[in-house]
Each structure stands twice: as structure tokens, then as C-alpha cells.
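# Tertiary structure, described
If you want the building blocks of each chain, they are given just below.
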Number of protein chains: 2
Amino acid sequence: MATLVNSVPANQTSVNDRGLLYGQSIFETMAVANSTPCLLDAHLQRMRKGCSVLGIPLDIDAMVSDIETLAQDQEKAVIRATLTMGEGGRGYLTPEHPQATRIVSLHPYPKHPSSYWENGIELGVVDIRLASQPALAGIKHGNRLEQTIARSQWHSNWHEALALDQQDNVIEGTQSNVFIVRDGELATPGLNSCGVLGVMRETIIDSAHKLGIRTQLMSLSLADVQAADEVFMTNSVIGVWPVKCLNSASFNTFKISHKLLKYIIENEVIPNYKA
Amino acid sequence: MATLVNSVPANQTSVNDRGLLYGQSIFETMAVANSTPCLLDAHLQRMRKGCSVLGIPLDIDAMVSDIETLAQDQEKAVIRATLTMGEGGRGYLTPEHPQATRIVSLHPYPKHPSSYWENGIELGVVDIRLASQPALAGIKHGNRLEQTIARSQWHSNWHEALALDQQDNVIEGTQSNVFIVRDGELATPGLNSCGVLGVMRETIIDSAHKLGIRTQLMSLSLADVQAADEVFMTNSVIGVWPVKCLNSASFNTFKISHKLLKYIIENEVIPNYKA
């Protein structure tokens, strides 16, 4: 596994980095297919937004260069691109002119059975309720304790698990976004007070639009999800996973989920899971 | 500034450390007076609790040894002791047998005018509202984006600033806890859904008890704080700072604040600010 720290191969960074001290960072996890980082522009756009909210200076050319360097000669891989606030400052006070630390690392593409895409996954529900924080909602920042706790609550047979907020709204999967299909239309939570605005989530909304499928952003309860015609989970690495069961609910048709999966594979926004 | 990483002098740590990737860590900031870490047992106790909640294995002897090594020959200083989940795992999934990373660093004691202790500070109120997350409330963990945002919202004349939760309850200072004095008794927020259970907060409650002053844990509004007889802020480094003004409210008596400050200085739980 290769890592570039500020464009130089390295495997260490400063103990005084504010990313380590306070989680003051943003990151993107993206698939690589045939030496090309998938959905790079969309990842860079979310990175720009996160950096703008947190005040981290982003050198976009250097970021793209490091990502493309690691993607070279990779048929199928995953890249994590992190940007931290760097060193300096006093306590919680960020330095006036921060020097960001850029950490870009290459990882193997995860091995999942093709049945996850073809026959659906088992979806659970974690106990932890996500906190509402509109100031940080949507951003993929480095404060991810809730997700590590959520992940520790998975049962062994689950392949992904929903997290609800403290008002019983379904928000997202532990490492994915959730969509339901109802009467031929999509619905997904709006994520104004918590959750991550996934790059694949946006891609799916856009792809559905091109296929003539409408998407509503709306509050969803667990009962709404269980009563849906189809449920599917999305992220930048796996694309679309249909859900075959959630608690006592089972789903037998994956028609729209598979239509969207086929569309994004044909448009090369994820690696082909069969390849 | 000296730093020990797993007991060895170092200034770098792995780019794959889960403290850096996800803020999966706890930390303590403690004062050192005359080569002795102040309130060490109380800091270790909070560390134990945080590690237990997050599942980070704590080698207490090694932690104490590293802290005491750095405290040696320091008349007045600050030590930050961090314990991260270390490397390994897959994404949000923590490794089954994590190897924690221990990072203990020595810093100069901050220079503040003695008037902050004697004549009180100017207290502001930040815009960001703290998120409610009972699963993490009280713990001094590494997900501190809210505090860095709060700190960035201070006006230049403020010396500390209150943060409220989303239901308008006063929770804490940006880097301290808050107490009010009303009719000769103390009141401070209970911190069950957000905020940090400060080591100095506990020490003050205990000291007040010994001095025959009762403390109530209760919800406080900003109006309650403004209408108090006295207001003071506490943390492990500064001890007690009385508040002289908050918005349009000003406070002219520091009788109980100063009684508590005198008591903790005499009991050597903070360095003497005059020294």
C-alpha cells in the first residue's frame, strides 16, 4: 500500500497534526478503475465544500496530481484522499495561515461476493443514534467516532446497517447512503442535520433523472424503508447494493436497483464488480 | 517541546493511525507543578472511562511512566496525554485486538495575565450549537471539530466563550466548564447528552463540598447565567477564572469563585498563577 504525504512517499505524519489532535480534516474514498479515479470531479467538489466549511486551504492541482499518481497502473483499487488542517495553532485555535497536510493512500479494492450486487444484502439497524449538527452535516470530515461505534454494533450476518437520528428518522448506512423505491420513484433522506452527502448518492440521483426516474428528498422512518418496494445502498466503492432483507421485511424485486447499477457500470463510474 | 510516542522520543506517527483517520482517540490535558502532574489520578480515571466506552486498550503503567518522565524537572508546564486506537482494521471496523498508540507531549504553561484570576474574564457566547450524543457525552475524545469551530467564533475581546446545545441549554465553555453561584450555592450543567466532564469540574464540586458549599447539577439557560451572583469557568490548566462580564451582564463579586481558587491553589491541584 502506497501513501503520499504532501506528494512525497511516506508512512508517517506529525504528532502535532490537527487532524490527529482534533479530527480537523476532510477525506474522500474513491474507486479506481483502469488507472482512472472514478467520479474525481464530484469528489473534488465535495472536498472543496468541506474545506470551505472547515477553513482548510485546498491545493486542488496538487491533490489531483497525487491521486492520479497513485491511480496509475491500477486496474481496480481504492484511494483515500485526506486533507488535514496541518500543524500549529494553540489548542482549539486554528493557525491564521494553516498549512494543510495532504495524505493520499492506495488500497486494494475490497473483495465482496458478486451476490451482494446480484441478489442483495442483509441490512441491519445499529443502536447508536446519530447526533444532529447542521454545521457539519453532509461533509465527509474526520470526526467519525459515531461510525466506528456503529460499525462495532453490526451483527455478524449483516452486510450493512442503517443508522437513525435521535428523532427516529433513517439517515444513512454505516458506510453508505440509503434509497428506497416506492411506486417507481426513489426517495432518500435530505441530510440537512446529519449524515454524509455521498458522491454516489448524487450520482444515483442524477442517473435516475437521466433514466426518467424521479427522486424525492424526504424524511423516512424505518417503517417506510421496510414497506418499500425496493431498498438499495450506495457508496463510491461498491456503487449500488440492493437489499434483500431488513429485520422481518424481505425484498424480492431489484428491478430499479439493477437498472441503476447497470447504468453506472456502463457509464464507468464504478469498476465492474464482475471483472 | 518533547513528545514520547509509545515511550520513545518521536515527533511522527503512522498515517494509518485510527486517531488520524477517524478521531478514534481520547486525550487529557493536565498541568504540571514542581515536576508533578496535577490531579493525575482523576485524569487517569477519566481516561479509563473514555477507553472503556471507545474500546481502546489502556496500559495504565506505561501511561503514568510517560507522563512522569515528561513532568520531571518542570516547574510549571502542560502535558497532553493521548491514546489512539492505533493502526489496523478495515474502514470503520476496529481491529479485534487493537494496539493503541500512546502520545504524551510537553508544552509550555500558557501565559495569561494574573487579572484573569483576580478581576475576572470577559465571557462570550459562540454561535455553534453543540450536538446531543449521549453515547459520547462526558468523554474527552478526539472528535473536536465543534470546539475548533467554536474557538474560531470568539470575538477578539473574549477570554472564553459559552456554547449552548440545540435546546438553548448552556453546556460548557469552549475549553472549560461553567459554574454559577446563586444564593451561596453552585450550579453546573449535568452533561448527560453533550459536553466534557472536566477533571477540574469534579475537583471544584468536591472542593465546594469540603468547604460546605452545595452544588446542583441542573439545566441552565443563558438568562440563568446572566442573572447569577457569580459565574466562573474551570479547567485543569487554569483552575478557576471568575467571569466579570457576559453580554450586558456584569459581575462585581467573586467571593465564592476566589474562595474555591484559593482552596485549590493551597491544595496544589493547579500551579500557582502568581508564581
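Calculation notes
Residues numbered from 1 in each chain as written. Chains lettered and ligands numbered in written order. Predicted model: local features only at pLDDT ≥ 70, side-chain atom pairs only at ≥ 80, totals over all residues. Helix = DSSP H or I, 4+ residues; strand = E, 2+ residues; numbered from the N terminus. Contact = placed C-beta atoms within 7 Å. Domains from an automatic or database assignment. Nonpolar A, V, L, I, M, F, W, Y, C, P; charged D, E, K, R; others polar. Axes fitted to C-alpha atoms, helices over the stretch in contact; angles between N-to-C directions. Parallel < 35°, antiparallel > 145°, perpendicular 65-115°, else oblique. Left-handed = near helix turned anticlockwise from the far one by under 90°. Least-squares fit on C-alpha atoms with pLDDT ≥ 70 in both. Pairing = 2+ DSSP bridges. pLDDT = per-residue confidence, 0-100. Buried ≥ 20, exposed ≤ 12 C-beta atoms within 10 Å, placed from the backbone. Core = buried A, V, L, I, M, F, W, Y, C linked by C-beta atoms within 7 Å. Expected span 1.5 Å × (residues − 1). Arc of directions from axis to C-beta.

Along the backbone of chain A there are 8 helices and 16 strands. Taken along the three principal axes of its C-alpha coordinates, chain A extends 55 × 45 × 35 Å. Considering only contacts within chain A whose residues lie at least 6 apart along the sequence, 73% involve residues at least 24 apart.

Residue and element names in this part refer to chain A. With respect to the helices and strands, the residue Gln153 is situated in the loop between helix H5 (145-152) and strand E9 (160-164). Sequence-wise, Gln153 and Ile56 are 97 residues apart; in three dimensions their C-alpha atoms are separated by 32 Å. Setting aside anything within four residues of it in sequence, one finds Gln153 in contact with Val126, Asp127 and Ile128.

Residue and element names in this part refer to chain A. Under the domain assignment, chain A is made up of domain 1 (3-108) and domain 2 (115-266). Distance between the C-alpha centres of domain 1 and domain 2: 25 Å. Counting residues at the interface gives 20 residues for domain 1 and 11 residues for domain 2. Those elements giving two or more residues to the side of domain 1 that touches domain 2 turn out to be strand E4 (25-33) and helix H2 (40-54). Tallied by class, residues from the side of domain 1 that touches domain 2 come to 10 nonpolar, 7 polar and 3 charged.

The next subject is the packing of H2 of chain A against helix H6 (residues 199-210) of chain A. All names here are of chain A. Following both chains from N to C, one finds H2 and H6 inclined at 125°, their axes separated by 10 Å at the closest point. As judged from the angle between their axes, H2 and H6 are oblique. As for the relative orientation of H2 and H6, their crossing is right-handed in sense. Where H2 abuts H6, its residues Ala42, His43 and Arg46 lie against Val199, Glu202 and Thr203. Per-class residue counts for the contact of H2 with H6 are 2 nonpolar, 2 polar and 2 charged.

The next thing to look at is the packing of H6 of chain A against helix H8 (residues 255-266) of chain A. Residue and element names in this part refer to chain A. Contact geometry of H6 with H8 gives a least axis separation of 10 Å together with a crossing angle of 100°. Our classification of the angle between H6 and H8 gives roughly perpendicular. Only Leu260, Tyr263 and Ile264 of H8 make contact with H6, whose side of the interface consists of Thr203, Ile204, Ser207 and Ala208. Grouping the constituent residues of the contact of H6 with H8 by class yields 5 nonpolar, 2 polar and no charged.

The next subject is the relation of the copies chain A and chain B. With an RMSD of 0.0 Å, the fit of chain A onto chain B corresponds to turning through 180° and sliding 0.0 Å along the axis. Taken together, the rotation angle and the small translation identify this as a two-fold axis. Take the interface residues of chain A: 100% of them recur as interface residues in chain B, which is what a same-surface contact looks like.

It is worth spelling out the sheet that holds strand E5 (residues 36-37) of chain A at this point. All names here are of chain A. The strand order across the open sheet formed by 6 strands is E2-E1-E7-E6-E4-E5, and the pairing between neighbours is antiparallel. The outermost strands of the open sheet, each flanked by one partner alone, are strand E2 (8-9) and E5. Contacts from H2 reach E4, E5 and strand E6 (76-84), with the element oriented near 175° to E4. Helix H3 (residues 60-71) rests against strand E1 (3-5), E4, E5, E6 and strand E7 (101-108) of the sheet, and its axis sits at about 20° to E7.

When pLDDT is averaged across chain A, the result is 97; 100% of the residues are at 70 or more. The complex prediction reports pTM at 0.97, with the ipTM value standing at 0.97.

Residue and element names in this part refer to chain B. On the basis of which strands lie adjacent, the open sheet formed by 6 strands has the order E2-E1-E7-E6-E4-E5 and antiparallel pairing. Edge strands, defined here as strands with exactly one partner in the open sheet, are strand E2 (8-9) and strand E5 (36-37). Docked against the sheet, helix H2 (residues 40-54) engages strand E4 (25-33), E5 and strand E6 (76-84), running at close to 175° with respect to E4. Across the sheet, helix H3 (residues 60-71) touches strand E1 (3-5), E4, E5, E6 and strand E7 (101-108), and the angle it forms with E7 is around 20°.

Glancing now at the interface of chain A and chain B. Contacts between chain A and chain B engage 39 residues on the former and 39 residues on the latter. Of all the secondary structure elements, the ones that give two or more residues to the side of chain A that touches chain B are E1, strand E3 (12-14), helix H1 (18-22), E7 and H5 of chain A. In terms of residue count, the dominant contributor to the side of chain A that touches chain B is H5 of chain A (6 residues). Counted by class, the side of chain A that touches chain B contains 13 nonpolar, 23 polar and 3 charged residues.

This part is about the environment of Ala135 of chain A. All names here are of chain A. Residue placement: Ala135 occurs in the loop between strand E8 (121-125) and H5. Among the residues examined, Ala135 registers 17 C-beta atoms within 10 Å and is labelled partly exposed. As for Ala135 and Cys194, which are separated by 59 residues in sequence, their C-alpha atoms are 9.1 Å apart.

The next point concerns the nonpolar core. Generally speaking, nonpolar side chains in soluble globular proteins are found buried as a group. Counting 162 residues, the largest nonpolar core has Ile79 and Val231 of chain A together with Ile79 and Val231 of chain B as the members making the most contacts within it. Excluding anything up to four places from it in sequence, Ile79 of chain B contacts Met30, Val32, Pro37, Ile67, Leu70, Ala71, Val104 and Leu106 of chain B.

All right, on to H2 of chain A then. All names here are of chain A. End to end, H2 covers 21 Å across 15 residues, agreeing with the expected 21 Å (1.5 Å per residue, within 8%). Those residues of H2 that fall on the buried side of the exposure criterion are Leu40, His43, Leu44, Arg46, Met47, Gly50, Cys51 and Leu54. Taken end-on, H2 shows its buried residues confined to a sector of 165°, consistent with a single buried face. Among the exposed residues of H2, those oriented more than 90 degrees off its buried face are Asp41 and Ser52. Tucked inside the fold, the buried residues of H2 contact E4, E5, H3, E6 and H6. Residue Gly55 follows H2 closely and has a positive phi angle near 80°.

All names here are of chain A. Within strand E15 (residues 239-246), 6 of the 8 residues are buried, leaving the element largely enclosed by the surrounding structure. Relative to E15, strand E14 (residues 230-235) runs antiparallel, the two sharing 4 bridges. Bridging from a neighbouring strand, Asn235 pairs with Gly239 of E15. In textbook terms, the turn of a hairpin is the stretch between consecutive antiparallel strands, and for E14 and E15 this stretch comprises 3 residues. Sheet topology note: the E15/strand E16 (residues 249-250) ladder contains 2 bridges and is antiparallel. Residue pairing for E16: Cys245 is matched across the bridge by Ser250. Count of turn residues in the E15/E16 antiparallel hairpin: 2 residues, of which Asn247 carries a positive phi of about 50°.

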